Amino acid sequence: MSGVAFSRPFFGPEEEEAAAAAVRSHWVVGGPQLRALEEGFAALGGAAHGVGVSSWTTGAFLLLKALGIGPGDEVIVPSLTFIASVNVIVHAGATPVFAEIDPRTYNIDPDAIAALITPRTKAILPVDQIGLPCEIDRIAAIGERHGLLVIQDAACSVGARFRGRPIGGLAVASVFSLHARKLVTTGEGGMILTNDADLAARLRRQRHQGMSLSDFERHGAAPTVFESYPEIGYNFRITDVQAAIGVAQLQRLPQALALRQAVAERYSAALSAHRWLEPPHVPAHVTPNWQSYQVRLRAGARLTRNGLMDALHAQGIPTRRGVMASHLEAPYRATAPALPQTERAAAECLLLPMHPGLDDAGVAAVLTAIDRAFAGA
Ligand SMILES: Cc1ncc(COP(=O)(O)O)c(C=O)c1O
């Protein structure tokens, strides 16, 4: 086996010590680490408020509910995304309406959105797929023109930039995932960024059973204060042990971004003129965080996507299929329209190993295995 890992969290003694310190403090939920993570994330994303939650999925669900999106409403979303982006619309009781992608970036095609707008459309949920920001300015303009809410699925895009600006304050709200494949991870977790103070306060209450006061406020209060429960909420909390790890991860994000960028540059230099593989296209006005490195089989390639994945696996190189087409999965298949660009991308793309610990020898091993796979085909 090559010893090359597909993906690995960028953990070191900093995260170990942060988690241990949170445990030693005995304040393991709703405490100072949560506040530090929320403030750090908001500062990084150029947004006024951060709300930490247990996952992207629970955060996006809370957000849709808080924005009043539910039964009878339609939400425009790309199909080419992790299915969570679509499922959450259904969780909220609304209907996902699938939009086609731009085949060069694999992100939602802003030109495809207008034709999908109906009197029932309430929101657009564009995705920064695998860490490459979507065309948020154009999408926000469409939202404004038609009176639609724009919620950015930034699950993958912490640290990425759009026209020089960080991701986080460019929509009504942006939701990030802190899952293990993400650049800032707490194992599981999520973060909502918004500039709307009322929305942030509502989301904070809602993640904590609708409670009027946070744990932080109750513990710090003198004399004793009593909370109330003005509305029905949920338990979508993230722990302070997780948050402490997240704070350490945020501090090391610049290093993680630089290491990933170096891996991407090595791959792209080797693959830019490759006969059978197309490296990712990065528009000049966006800076991806390289959460994943996705390549596509060129027309006429002597291997299918699955054949190439098998040939790499046989040489000890782990890969994953590229981003999925959600509309082809059983819950959505019956009512989904044909989306030829999405379907082609889902069939022809794969993800190569990508993480900050992937050294030059690792990248070379992947590239050699690709050459051997095509030579043997
Ligand atoms: C684009 C996208 N949206 C949503 C999610 C769901 O995130 P979580 O697992 O934190 O709920 C993911 C997770 O990979 C994702 O890639």
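Here the residue numbers are simple positions, counted from 1 along each chain's written sequence. Local features in this predicted model are restricted to residues of pLDDT 70 or higher, and side-chain atom pairs are both shown and tallied only at a pLDDT of 80 or more, whereas totals for entire chains, interfaces and linings draw on every residue. Note that the side-chain values use all heavy atoms of the structure and ignore hydrogens as well as water.

A. A look at the layout of surface pockets. Of the two site types, the cavity is a set of points on a 1 Å grid over the protein atoms alone where a 1.4 Å probe fits but cannot get out, and the pocket is an open set with protein on both sides within 12 Å along at least five of seven lines, each lined by residues with an atom within 4 Å of a point. Grid points are joined across faces, edges and corners, and a volume is the space filled by probe spheres set on the points. Approximately 620 Å³ is the volume found for the largest pocket. Runs of H or I in DSSP of at least four residues are treated as helices and runs of E of at least two as strands, each being numbered from the N terminus. Of all the secondary structure elements, the ones that give two or more residues to the lining of the largest pocket are α3 (56-66), α4 (84-91) and β13 (320-321). Each of domain 1 (13-99 + 106-251) and domain 2 (253-375) accounts for three or more of the residues forming the lining of the largest pocket. Estimated volume of the second largest pocket: approximately 440 Å³. For the lining of the second largest pocket, the secondary structure elements donating two or more residues are α2 (32-45), α7 (197-206) and α8 (215-220). Counting residues per element, the lining of the second largest pocket draws most heavily on α2, which supplies 4 residues. Here the residues of the lining of the second largest pocket sort into 7 nonpolar, 5 polar and 9 charged. Each domain's extent was defined by an automatic or database domain assignment. Polarity classes work like this: nonpolar for Ala, Val, Leu, Ile, Met, Phe, Trp, Tyr, Cys and Pro, charged for Asp, Glu, Lys and Arg, and polar for all others, with Gly in that last group.

B. Here's a closer look at the nonpolar core. Grouped together as the largest cluster of nonpolar side chains are 37 residues, with contacts concentrated most on Leu-37, Phe-41, Ile-124 and Phe-176. Secondary-structure elements contributing two or more residues to this core are α2, β3 (95-99), α6 (136-146), β9 (190-194) and α9 (240-251). Top contributing element to this core by residue count: α2, with 4 residues. Those residues in contact with Leu-37, other than ones at most four positions away along the chain, are Leu-178, Met-191, Ala-243, Gly-246, Val-247 and Leu-250. Only buried residues count toward a nonpolar core. Its members are Ala, Val, Leu, Ile, Met, Phe, Trp, Tyr and Cys residues joined through side-chain atoms within 4.5 Å. Throughout this description, buried means an accessible area under 20% of the type-specific maximum (1.4 Å probe, protein chains only), exposed means over 50%, and partly exposed covers the range between. Contacts: residue pairs with any heavy atoms within 4.5 Å of one another.

C. Highlighting the sheet that holds strand β1 (residues 49-53). Here a strand pair is declared whenever DSSP counts at least two bridges between the two strands. In spatial order, the strands read β1-β9-β8-β5-β4-β2-β3; together these 7 strands make up an open sheet with mixed pairing. Here the strands that pair on one side only, and so sit at the sheet edges, are β1 and β3. For this sheet, the mean inter-axis angle between neighbouring strands, taken without regard to orientation, is 25°. Comment: axis = line fitted to C-alpha atoms, over the contacting stretch for helices; angle = value between 0 and 180 degrees taken between N-to-C directions. On the sheet, α6 packs against β4 (121-124) and β5 (149-153) and is oriented at approximately 155° with respect to β5.

D. Just α3, in detail. Counting buried positions along α3 gives 9 out of 11 residues, so the element sits mostly inside the fold. Burial in α3 covers these residues: Trp-56, Thr-58, Gly-59, Ala-60, Phe-61, Leu-62, Leu-63, Leu-64 and Ala-66. Buried-residue contacts for α3 involve β1, α4, β5, β8 (173-177), β9 and α7. Just past α3, the residue Gly-68 takes up positive phi, approximately 80°.

E. Main features of the domain arrangement of the protein. Domain boundaries assigned for the protein yield domain 1 (13-99 + 106-251) and domain 2 (253-375). Each partner contributes to the interface: domain 1 provides 35 residues, whereas domain 2 provides 32 residues. Reported buried area values correspond to the accessible surface (1.4 Å probe) lost by two parts on association, with both partners' losses combined. Each partner contributes to the roughly 2700 Å² buried at the junction of domain 1 and domain 2, and carbon and sulfur atoms together form 62% of this total. Of all residues in domain 1, the largest losses of buried area upon contact with domain 2 belong to Tyr-106, Ile-130 and Leu-183, amounting jointly to 26% of the total for that side. Note on definitions: salt bridges are taken to be side-chain nitrogens of Lys or Arg within 4 Å of carboxyl oxygens of Asp or Glu. If you look at where domain 1 meets domain 2, you find 0 salt bridges. Pairing of N or O atoms within 3.5 Å defines a polar contact, subject to two protein rules: one partner must be a possible hydrogen donor and the other a possible acceptor, and residues neighboring in sequence count only if both atoms are side-chain atoms. Connecting domain 1 to domain 2 are 13 residue pairs in polar contact (both at pLDDT 80 or more). Secondary structure elements with two or more residues in the side of domain 1 that touches domain 2: α4, β3, β6 (161-162) and α9. A breakdown of the residues in the side of domain 1 that touches domain 2 according to their chemical character gives 20 nonpolar, 10 polar and 5 charged.

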